[in-house]
Amino acid sequence: MLSWILENPLITCRFVLMHGELTWQMTGQPVCGLDAASSRLGNLIADGRPLRWRDDGEADVAQQADGTRTLTLNVLSDDGRLRLRQHAQIFPAHPFVRLWAELESAGDAPITVTGCAMLDLRVPLAGRNNLFHVEQFSWNYRPDKFALHKVQIVPGRAPHEIRMGSFGAHYWAPTSCAWAALRAGLDPLDNPDEALSGDGLVIGVEFNGKSRLLAWSQDDHTHLRSTIDELAHVVAPGTAFNMPACFVGRFHGDWDEAGYATQRFAEAHVHPPIPDDRYPWAQYNSWGYGQDIGEAQQLEAIARCAELGIEAVIMDLGWARCIGDWRPDPVKFPRGLRPLSARCAELGMRFGVHMALAQMNPTAPAAQAHPDWLIHLGDDYFGAAPLCLGHAPCREWLIGEMLRLIDEEGVNYIIQDGEDMVKRCWREDHTHAPGDSNYANSEHGLDLVIATIRRERPHVVLENCEDGGCMLTYKMARLYHTSITVDNIATYATRQGIYGASYPFSPRYSVRYMQDDPNTYTLRSAIFGGPLILMQRITDWTPQQLAETRAAIAKYKELRALVRDARVIHLIAPRHNVNGVGWGWDAIQAVSPDRTRSVVMVFRAMGDSSQRAIRPRGLHPEMRYRVRAEDRGALGELTGAVLMRDGISLRLAEFDSDLIWIEATSPSAT
C-alpha cells in the first residue's frame, strides 16, 4: 500500500494506492461539514474493461505563491499500457478539493475510453441525507423556471438521477445546474429555524458536455457518481484523455450556506476575474428590434443608452450577413460595425455582438466550401444548421473568424448563443471518433474556442447564452465572465431564475434579459444579480418610461457591489408561475460579508394576502440595525435578533414591490 497526504488547516485529503485501486478520502474540522469516506479515483473503462492500477506509483507536490497546493500522482495500469496522472488541489481559506486527471497512452496501440466517472464519492450515512439541486432553463419542460429539488436519499430506493450540461432549451425533460449539495439531518427548506447547524458537502462539475449524477444510499453510505454520457474517446499513442475536473467542498449550515461556500470558492479559484470594479454592468441588447436593425437606428439607440446610464451595448442576431458568415450585413451596416463600436467607446460603453458559434447557415461561404463541417442541413436555429466544433478544421476556422471580427470591428463583448452548444455528431469523416462528439464537441470543441479567445484577446468579455439559460456548469463558469439564467421572458419567471441560480452560482452569473414594459415593479424584478440587460425598443419609450428606467439603473448601480459579493439569503421562493405572471409573495436578501449591510427585495405578484411579515436572516443577533423601506420610509431601529425573530410587516398591492435596507448603527448593549 502507498499513501499520500494533502492538507491545509481546514481539510485533510488522504490518497491510497492498494490492490489495483486508487482511492481518496476527505476529513476536516468537526462540525464544519460532512467527510468523504474512501472513494475511488481513476474510475475509467477502456477497451471494455475497468482499469486497474499497479501498486506502485510516485507523487509530486507543487505550491503556488498564494498557498494553493497541487498533488500529482503517477500510476500505471496493470498491463502497463496506460499512465494515469491524477491531480488533487487544495486552497488556502477554503475547505475544498479539486480533482482532475489525464490518461496517457504508454503503449504502441490506441485504446478507446468508453466510461468515465468524474466523481465517485462515498459519504457516511448520518441518519438521513438530503440532496439539493436546482434546475436550469427550459422553454418547454415546465413553466416554473429554475425549480428547486430536495430529495431524501434512502437505502433501498432507486438512485436519483440528475442530468447536467449542455441541453437545448427545447429538451422535454428536466436538466439541472452542475452543482448539488448533500446535507445530513433536518431539511433546511422545511425547517429553516431549526436546521442552521447541519453539516454538508457540495460538488461542482466542470464539464460542458452531457453528464449525469446518480445519488443513492447503500451499505451505510450515500453514493454520488458523476459520469460522462456517450463516451468513445480514442487515445492514440502519445496522446491523452483529459478527465474533466470536479470539486468537493464542506459546509456547515443550510442550503444558503452551501451556496455561499461554493460561490466564495468559485470566485477565488474558478471564475475569471471581474472585468472591472463596476461589474456587473447595466446593458442594452438590440433584440427588441428583432433582426430589423441598422446603423442609423442603432446609433440612435446608443445615444439613448448613454442618457439612461447604460454601460454595454450589444447587437443581437441580425447584424451579420447570415449565421456563420461573421461579417456585418452590408445593407444594414454599410460601414461595418466600426461606427457603432467607436461611438460606444466615445461614450464610455462596451460594444459587443451575438454569435451562434456552433451553427452555420448552409448558404454561408464556409458551408459552401466545406459542407462536411455541418452535421446535417436542417434548420437547427433560425435557419442555420448544426456545426461540429469537435472537428478540428471547423474549430480553427471559427477561432480565426472570431479574432478577425474582434479586431476589425472593435468588438469587446461576445454573447455565445445557439441550440445546444455541444452537438451530437456521428460523422465518420471528422477528426473526432464517431460516437465521441459529446466529449469532443466540449473538451476539444467549444471549450478550446472560448479558451483561445480568452487567451488571445483578454480584453473581450464573454457571456454564455446557450439557448436561453442552459449549460450552467462550472466549466462554463471557468471560461465565461457571466451567464444568462432565463431568456427574453416575463417578469415573474425572471425572478425565478435569479432565485434558483443564486444557490449554485455567484450573483454575477444571473444575467436578466428584460422584455416587459418598464415600470417600478418590472424594473425592480430585474435589478438583483448580474448584468441587467434591457431588451426593448428603447427609442420608442415615453418620457415616463425613460425616467423610471433611468432611476432603476441608478438603483441597480447602488446595489450591485453589495449583491455581487453578498451572502444571498433565499427567503420566500417564487414557486408559482400562474398565467405567466406568478402568484403570491417572494423575497430574496443580500447580506454583506461583515453583516453590517443588507437589502431585502420583496415582491407580490397576483393573489395572496395583502400583508405579510418578512423575516430576514444572516444578521448579527446583537448588532443594532436601522431599517428603511425604499417606498415606505423609516421602519425603526432594532437588533438583529429581533428582526430575525419578528420580521418586518409589509403591505403590498398586487404586482407591487419594495426594497428594505438594513444597515448597522452600533452593537446592541444587550
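As the structure is a computational prediction, the values presented were derived from the model and not from experiment.

**Examining the overall build of the protein**
Okay, so step 1: For the protein, the helix and strand inventory stands at 11 helices and 40 strands.
Okay, so step 2: Radius of gyration (C-alpha) of the protein: 25 Å, near the 26 Å computed for a compact globule of 670 residues.
Okay, so step 3: The burial tally for the protein puts 61% of its 670 residues in the buried class.
Okay, so step 4: Residue pairs in contact within the protein that sit at least 24 positions apart in sequence constitute 70% of those at least 6 positions apart.
Okay, so step 5: For the protein, the computed accessible surface area is about 23500 Å², with 50% contributed by carbon and sulfur atoms.
Okay, so step 6: When the 66 positive and 82 negative side-chain charges of the protein are each reduced to one mean point, those points stand 3 Å apart.

**Examining the nonpolar core**
Okay, so step 1: By size, the foremost hydrophobic cluster in this structure holds 121 residues, and its most contacted members are I310, V313, W319 and V353.
Okay, so step 2: Sequence-distant contacts of V353, that is, excluding residues within four places in its chain, are made with I314, M315, W319, L337, L405, V411, Y413, I414 and I415.

**Quick look at the side chain of T494**
Okay, so step 1: Checked against the element boundaries, T494 lands in helix α8 (residues 491-501).
Okay, so step 2: You can call T494 buried: its relative accessible area is 5%.
Okay, so step 3: If sequence neighbours within four positions are ignored, T494 has contacts with V486, I489, R512 and S525.

**Re the packing of helix α2 (residues 295-308) against helix α3 (residues 338-346)**
Okay, so step 1: Where α2 contacts α3, the two axes come as close as 10 Å, and the packing angle between them is 10°. Taken together, the axes of α2 and α3 are roughly parallel relative to one another. Together, E295, Q298, L299 and I302 of α2 and P339, L340, R343 and C344 of α3 make up the contact between the two elements.

**Some words on the sheet that holds strand β3 (residues 21-28)**
Hydrogen bonds between backbone atoms are what pair the strands of a sheet, whose relative direction is either parallel or antiparallel.
Okay, so step 1: The four strands lie next to each other as β1-β2-β3-β4, forming an open sheet whose pairing is antiparallel. The open sheet terminates on both sides in strands that have one partner only, identified here as β1 (2-7) and β4 (36-41). In this sheet, adjacent strand axes meet at a mean angle of 20° when their direction is disregarded.
Okay, so step 2: In this structure, β1 lies alongside strand β2 (residues 11-18), joined through six bridges in antiparallel fashion. If you follow L2 over to β2, its bridge partner there is L17.

**As for the sheet that holds strand β21 (residues 282-285)**
Okay, so step 1: Pairing is parallel around the closed barrel formed by eight strands, whose spatial order is β21-β22-β25-β28-β29-β30-β31-β32. Averaged over all neighbouring strand pairs, the angle between strand axes comes to 25°, with direction disregarded.
Okay, so step 2: Where β21 meets strand β32 (residues 532-534), three bridges bridge the pair, whose relative direction is parallel. Within β32, the residue paired with Q283 across the bridge is I533.
Okay, so step 3: Contacts from α3 reach β22 (312-315) and β25 (350-356) within the one sheet, and its direction differs from that of β25 by about 140°.

**Examining the pattern of salt bridges**
Okay, so step 1: Counted by the stated rule, this structure contains 50 salt bridges.
Okay, so step 2: Taking the shortest distance from any N to any O, the salt bridge between R343 and E346 comes out at 2.8 Å. Highlighted residues: R343 and E346, both in helix α3, separated by three residues, approximately one helical turn.
Okay, so step 3: Residue classification places R343 among the partly exposed positions, given a relative accessible area of 34%.
Okay, so step 4: E346 gets classed as exposed once you look at its relative accessible area, which sits at 61%.

**What to know about the packing of aromatic side chains**
Okay, so step 1: Evaluated as defined, the whole model comprises 23 aromatic pairs.
Okay, so step 2: Centroid distance F15 to W24: 6.3 Å. Interplanar angle 20°. Geometry classified as stacked. The residues F15 and W24 share a single accessibility class, namely buried.
Okay, so step 3: On the basis of an interplanar angle of 55° and a centroid distance of 5.8 Å, the ring pair of W373 and W397 is categorised as tilted. Highlighted residues: W373 in the loop between α4 (365-369) and β27 (385-386) and W397 in helix α5 (residues 392-409), separated in sequence by 24 residues.
Okay, so step 4: Ring pairing ties together the aromatic residues F91, F96, F247, F265, Y474, F505 and Y509, which thus form one cluster.
Okay, so step 5: Over the ring of W100 we find R98; its NZ or CZ atom is 4.7 Å from the centre of that ring.
Okay, so step 6: Sitting above the plane of the F167 ring, K210 keeps its charged end 5.3 Å from the centroid.

**Quick notes on the packing of α2 against helix α10 (residues 543-564)**
Okay, so step 1: Contact pair α2 / α10: the axes reach a minimum separation of 9 Å and the direction vectors enclose 55°. Taken together, the axis directions place α2 and α10 in an arrangement best described as oblique. Contacts between α2 and α10 involve R304, E307 and L308 from the former and L546, T549, R550 and I553 from the latter.
Okay, so step 2: Of the residues assigned to the contact of α2 with α10, the class counts are three nonpolar, one polar and three charged.

**Brief notes about the side chain of H570**
Okay, so step 1: Locating H570 in the fold gives a position in strand β33 (residues 567-572).
Okay, so step 2: Classification of H570 as buried rests on a relative accessible area of 4%.
Okay, so step 3: In terms of polar contacts, H570 uses its side chain to reach the backbone carbonyl oxygen of Y499, at 3.0 Å.
Okay, so step 4: Engagement of the side chain of H570 in a polar contact is seen with the side chain of S502, the distance being 2.9 Å.
Okay, so step 5: Each residue touching H570, except ones within four places of it in the same chain, is listed here: D256, Y499, S502, Y503, A587, I588 and R617.

**Re unusual backbone geometry**
Okay, so step 1: The omega angle of the peptide bond from Y279 to P280 is 5°, so this bond is cis rather than trans.
Okay, so step 2: When you line up the elements, P280 lands in the loop between α1 (255-269) and β21.
Okay, so step 3: Non-glycine residue H19 carries a positive phi angle of around 55°.
Okay, so step 4: Along the chain, H19 turns up in the loop between β2 and β3.
Okay, so step 5: Even without being glycine, D608 reaches a positive phi, approximately 70°.
Okay, so step 6: Topologically, D608 is positioned in the loop between β35 (597-604) and β36 (611-614).
Okay, so step 7: With relative accessibility at 32%, the residue D608 sits in the partly exposed group.

Conventions and cut-offs
- Residues numbered from 1 in each chain as written.
- Predicted model: local features only at pLDDT ≥ 70, side-chain atom pairs only at ≥ 80, totals over all residues.
- Heavy atoms only, no water.
- Helix = DSSP H or I, 4+ residues; strand = E, 2+ residues; numbered from the N terminus.
- Rg over C-alpha atoms; globule rule 2.2 N^0.38 Å.
- Buried < 20%, exposed > 50% of the residue type's maximum accessible area, 1.4 Å probe, protein only.
- Contact = heavy atoms within 4.5 Å.
- Areas by Shrake-Rupley, 256 points an atom, 1.4 Å probe, with all protein chains shown as cover.
- Lys, Arg positive; Asp, Glu negative; His and termini not counted.
- Charge placed at Lys NZ, Arg CZ, Asp CG, Glu CD.
- Core = buried A, V, L, I, M, F, W, Y, C linked by side-chain atoms within 4.5 Å.
- Axes fitted to C-alpha atoms, helices over the stretch in contact; angles between N-to-C directions.
- Parallel < 35°, antiparallel > 145°, perpendicular 65-115°, else oblique.
- Pairing = 2+ DSSP bridges.
- Salt bridge = Lys/Arg side-chain N within 4 Å of Asp/Glu carboxyl O.
- Phe/Tyr/Trp six-rings, centres within 6.5 Å; stacked < 30°, edge-to-face > 60°.
- Lys NZ or Arg CZ within 6 Å of the ring centre and 35° of its normal.
- Nonpolar A, V, L, I, M, F, W, Y, C, P; charged D, E, K, R; others polar.
- Polar contact = N/O pair within 3.5 Å; in protein donor to acceptor, adjacent residues only side chain to side chain.

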